[in-house]
Every structure is written in structure tokens, then in C-alpha cells.
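If you want the building blocks of each chain, they are given just below.
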Amino acid sequence: MERRGRLKHETPDRIAAALGRLVEDFFHPPALGRARPPEELARDLILDVPAQGMDFAAIEQAVAAYLDAGFRAQHPRFMNSLSSRSHEIGLLGDVLGAVVNTTMATYESSPAGTLVERALIAKLGRCMGYARCDGLLTSGGSMSNLLAMLCARHRAAPDAKRRGLSDGPRLVLFTSDQAHYSIASAAQALGLGEDGVIAVATDALGRMQPERLEEAIAAVLARGEKPFLVVGTAGTTVLGAFDPLAELAAIAHRHGCWFHVDACFGGAAALCVEGKTMLAGIEHADSISWDQHKLMGVPLSCSALLTPHADLLGSAVVAGDGSYLFHNDGSGLDAGLKSLQCGRRIDAWKAWLLWLYLGDAGYEARTRRLFDLAREVGEAVQRDPRLELVFPVQSFCVNFRAVPPPGEDAAAFTLRLRERLMSSGIACLNYAMTKGTLHFRWAITNPDLTPGDVESLLADVVAEAAVR
Ligand SMILES: Cc1ncc(COP(=O)(O)O)c(C=O)c1O
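Cut-off values and rules
Residues numbered from 1 in each chain as written. Predicted model: local features only at pLDDT ≥ 70, side-chain atom pairs only at ≥ 80, totals over all residues. Heavy atoms only, no water. Helix = DSSP H or I, 4+ residues; strand = E, 2+ residues; numbered from the N terminus. Rg over C-alpha atoms; globule rule 2.2 N^0.38 Å. Buried < 20%, exposed > 50% of the residue type's maximum accessible area, 1.4 Å probe, protein only. Areas by Shrake-Rupley, 256 points an atom, 1.4 Å probe, with all protein chains shown as cover. Lys, Arg positive; Asp, Glu negative; His and termini not counted. Charge placed at Lys NZ, Arg CZ, Asp CG, Glu CD. Near = heavy atom within 4 Å. Polar contact = N/O pair within 3.5 Å; in protein donor to acceptor, adjacent residues only side chain to side chain. Salt bridge = Lys/Arg side-chain N within 4 Å of Asp/Glu carboxyl O. Phe/Tyr/Trp six-rings, centres within 6.5 Å; stacked < 30°, edge-to-face > 60°. Lys NZ or Arg CZ within 6 Å of the ring centre and 35° of its normal. Arc of directions from axis to C-beta. Contact = heavy atoms within 4.5 Å. Axes fitted to C-alpha atoms, helices over the stretch in contact; angles between N-to-C directions. Parallel < 35°, antiparallel > 145°, perpendicular 65-115°, else oblique. Left-handed = near helix turned anticlockwise from the far one by under 90°. Nonpolar A, V, L, I, M, F, W, Y, C, P; charged D, E, K, R; others polar. Pairing = 2+ DSSP bridges. Core = buried A, V, L, I, M, F, W, Y, C linked by side-chain atoms within 4.5 Å.

1. Topic: the overall build of the protein chain
What the protein chain contains, in helices and strands, is 16 helices and 12 strands. Here the protein chain has a C-alpha radius of gyration of 24 Å; the compact-globule value for 468 residues is 23 Å, and the two agree. Based on the C-alpha atoms only, the size of the protein chain along its principal axes is roughly 80 × 60 × 45 Å. Looking at the protein chain as a whole, 50% of its 468 residues are labelled buried. As displayed, the protein chain has an accessible area near 21,600 Å², and 56% of this comes from carbon and sulfur atoms. Charge-centre separation for the protein chain: the mean point of 46 positive side chains lies 1 Å from the mean point of 54 negative side chains.

2. A look at the site of the ligand
Close to the ligand lie 14 residues, the nearest being Gly141, Ser142, Thr237, Asp262 and Asp291. Take Asp291: an N or O atom from its side chain is 2.9 Å from an oxygen atom of the ligand. Taking Lys294, its side chain carries an N or O atom lying 3.0 Å from an oxygen atom of the ligand. Here the ligand loses 84% of its free accessible area of 390 Å² to cover by the protein chains. Those elements giving two or more residues to the shell around the ligand turn out to be helix H6 (141-156) and helix H12 (292-295).

3. Overview of the pattern of salt bridges
Summed over the entire model, instances satisfying the criterion amount to 30 salt bridges. A salt bridge links Glu364 to Arg368; the nearest nitrogen and oxygen atoms lie 2.8 Å apart. Taken as a pair, Glu364 and Arg368 lie in helix H14 (residues 348-383) at a separation of four residues, close to a single helical turn. Residues joined by salt bridges that share partners form a network here, namely Arg34, Arg36, Glu40 and Asp44.

4. Here's the deal with the packing of aromatic side chains
Overall, the coordinates contain five aromatic pairs when judged by the stated rule. Relative to Tyr363, the ring of Trp355 has its centre 5.3 Å away and its plane inclined at 80°; by these criteria the two rings are edge-to-face. Arranged with centres 5.5 Å apart and planes meeting at 65°, the rings of Phe400 and Phe440 form a pair that is edge-to-face. With Phe400 in strand E10 (residues 397-402) and Phe440 in strand E12 (residues 437-443), the pair connects residues that are 40 residues apart, well separated along the chain. Take Phe400 and Phe440: they sit in the same class, and that class is buried. Clustering of aromatic rings is evident, with ring pairs tying together Phe265, Phe371 and Phe396. A cation over a ring is seen here: Arg85 above Phe26, with NZ or CZ 5.2 Å from the ring centre.

5. A short note on helix H8 (residues 182-189)
For H8, the set of buried residues is Ser182, Ile183, Ala186 and Ala187. The buried residues of H8 all sit within an arc of 145° when viewed along its axis, so they share a single face. Buried residues in H8 make contact with H6, strand E3 (171-176), strand E4 (197-200), strand E5 (226-233) and strand E6 (258-262). Gly191 sits one or two residues past H8 and shows a positive phi near 80°.

6. Topic: the packing of H6 against H8
The N-to-C vectors of H6 and H8 enclose an angle of 50°; their axes lie 9 Å apart at closest approach. It follows from the interaxial angle that H6 and H8 lie oblique. Crossing of H6 over H8 shows right-handed handedness. Contacts between H6 and H8 involve Ser142, Asn145, Leu146 and Met149 from the first element and Ser182, Ile183, Ala186, Ala187 and Ala189 from the second. Residues belonging to the contact of H6 with H8 are distributed by class as follows: six nonpolar, three polar and no charged.

7. Regarding the sheet that holds E4
An order of E2-E8-E7-E6-E5-E3-E4 is seen for the seven strands of this open sheet, with the pairing classed as mixed. At either margin of the open sheet sits one strand with a lone partner, and together these are strand E2 (134-138) and E4. Neighbour to neighbour, the strand axes of the sheet diverge by 20° on average, direction disregarded. Sheet analysis places E6 next to strand E7 (residues 287-291), joined by three bridges and oriented parallel.

8. Here's the deal with the nonpolar core
Trp290 and Trp442 are the most contacted members of the largest nonpolar core, which totals 87 residues. Top element by residues in this core is H14. It accounts for 14 residues. Among the nonpolar cores identified, the runner-up in size contains 28 residues, and Leu146, Ala148, Ala179 and Phe228 belong to it.

9. Some details on the side chain of Asp291
With respect to the helices, strands and loops of the structure, Asp291 is situated in strand E7. Since its relative accessible area comes to 1%, Asp291 is described here as buried. Of the polar contacts made by the side chain of Asp291, one reaches the backbone nitrogen of Gly141; its length is 3.2 Å. Other than its neighbours up to four places away in sequence, Asp291 contacts Gly140, Gly141, Ala263, Cys264, Cys302 and Ser303.

Encoded structure:
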């Protein structure tokens, strides 16, 4: 056989040193970063591949350019998303998954991943009050919601898996007007159409109103269509509202509907006593989605779909002939038989290692800290007459704005201020238009924020708002 030269590789010590620098950046991010226009950024990034490749020094420069290209979520002033500073044990678990690099499709490919994922799913299920729990980790909350809705569709129209949705009355689902857009996306992906989603009105705090749900179901029945699914939200994306889950479960089940709870954001409330009361009734849900990458400090991405209905995922999800891959017939150990993904990362380790490290007590303290921090940030906003708390703090979100100068349009002022905060690197924060008001949303997901961090951040927002 012809002798081939060794393909291009790097030495372990160089890679270890580069990883070491990344770990240092993780622990001590040198700066938040700033918003940069794509034309400017494109000048700093190498966006073409040279035919002969590049040497390692150039690769390291590319790494540095990526770090500086945008924001670092590990920085205390990153308040943009529902995930921010992750925990270093999660980082370790994430790197571990990359080192092992096997897929979660089969037990034989990822034996320790499979058993740990099963233990994690069972534990998450117990937190939600399920005595028995099936489920799996997915690529994110949107995928968990999609799988849950697929289970609901399968139960309502089992033939749809083979024949599509051509037969029978139209299937309609109900969620609140504050629900995450992934519910509508999943509905269209499942062939239900965006119009198959009824947005039920919420109260002033953004919680679904059970009476409005009853009315909406009655209207759909009167049209000869088939209500099949109610989706409650535990922790809405902007207001952090928790729907009255027990009431919604009772209504859904009375009408023969599947009850899914999107707890992608607020599921972590189950980890402490005061949060558990906000989730009362969730144990009656037919499925729950819960992101560990939002409030639990697990690096992106890690999300769980949970259901007490054993074997439903197994019959609802996978179609076609995967016999080339799945040889563990009947053992129930091949998680790929419940998943829309074939290749799937071992996300369970990063969540499980962190739970092992913190323990239940550590997670309880961490979650309580997040609740306390959100309340304290809300109080700090209320104390400053130059700031306005736009909605009461219900859980983990603080929705506020700087008071605009007299005569200025509040929404335009808020948008301009945000642009300046982002481009100068003072803060990376998001905004939303809710119930007719445009405001900043600060989701408190970083338990390591100090009172000093909060004070100096709000002072800088106020100072920037005063600049003319
Ligand atoms: C309530 C809710 N559900 C679902 C999602 C989607 O989660 P992911 O971003 O992990 O897909 C989000 C994201 O913000 C959310 O807030």
C-alpha cells in the first residue's frame, strides 16, 4: 500500500495552552464587548478559507477575534438573554462531551451518556412531581416544545404519523398571548399551521386567563374543529409570568386535550420551596419542557422534555427504517428512538456533573439567590426616580426603562438609549414591546451578580440616559 504522509495536526501542549487561555477568559472576562456593525466586524474576521490552510498562530488569532467580536455572556453586564454566566463545572462537562464525541443515538455508542441522561430525566421529573418520567435532552427549548406537541398530535391523530394530517376535523391548540414563538413555529412544522394556534388573553401580569381559555375552546368546538392541546407557560419570556397551571390542567383534561407546560425558562423554580408554589399543578401536565441552559447555569445547549406517559415518545417520534443503527431491540436503551435528531451531543454530563457538584441544597440556594436578586434589582429601580419599573417583578425578569425627558417619545428614547449602551459596551440588554409599552428586559440568570454590579450598572444606565 502506498505510504501516506500524516495529515495536518497540532500538538497536545499547544491545544492545552490555548484551552487554558479560554478558561482564563471564562473566569475573568476582560470586557463585556460591544455591539459592532457587520461591515466593521467583517474586516477583523477571516471569512475566506485559504487553499493550503493556515498555521496555528493564525488559528489562535482567529479565536481571539471571535472572542472580541461580540459580547461575553460570562460578564456581569450581559443581561441580554435568558442564559448568561454558566458554571465552570458545566464548562468541564461540555468539554468532556467534545472529547468523547460519541452520539447519544444508541446505548452502545454512549453508554455512560445514556445512563446519566436517564438518571437526569428521572430526577428532573421528580422535581416536577412525576412518579414516573420518560423523556430526553434536546438541542433547546424550541425542540423540546416541538417534541411535546408531536406527542400531543400523535395522541389526537395517530394516523397522521403515516398519512399526514389529511383526515378528520382541524386540530387546534391554545396557548397564551405571552407564549414563546417556538409554539407557533412547532405548530407550523407539525402541519397544524400558525392559524391552528389560538392566543388566549392574559391578565395585566401576563398570566393566561382560565375563563378566556374556556371561551376560546367553546368557540373552536362551535366551528366543528378539534381542540387537542393546551400549552401553559411557567415563566414567560419577557414578564416571567407563571400561568395558573392547576386550573389550566383541569380545563384541558375536561376537554380531552393534552396539557403541555413550557417551563423552559421558569422550570428551575422547582428547585426551591418558594418557587414550587408558583408551579403548583405542573404535576398534572402530560409533558413539560425545561431548559437547564437558562436558569441552572448549564452551558448552551441543554433542554429536557419530560412526560409521565411511558413509551409515547417511542411511538410518536421516529419514522422510517433505522435498523442499520438500532440493534438493542426492545431494551429501551437507545435514546435515538425517541429523538428527531440522530447525531446528538452528550449534554447530560454537563448538567449532571454540575448537579453532583452543587447538590440539591446548592441548587436550592442558587435558585433562591436568583429570586432575591430579581426582587432587589426591581427595588433598586423603584428607588431611583430617573428609572421606572414598567411591570412588577414576578420571578426572574425586571422590566424597566429610563424616564424620558419631558416631551420625548418614550419608545424612541428607550431604543436610542439601548443602542448607545450596546455600542459603547456599557451593557448588553434586551428590549420588548409588551402590552403596548416598550421597555428593557433584564432577565436575572447570573447568581454571581453582586450588589455593586447592580448599583454601578443602573448608575451607568441613568448617566447615559442623561447625555444629550
Ligand atoms: C418560555 C420559553 N420557551 C421556549 C423558549 C425557547 O428555548 P430555546 O431558546 O432553548 O430554544 C424560550 C426562549 O427564550 C422561552 O423563553
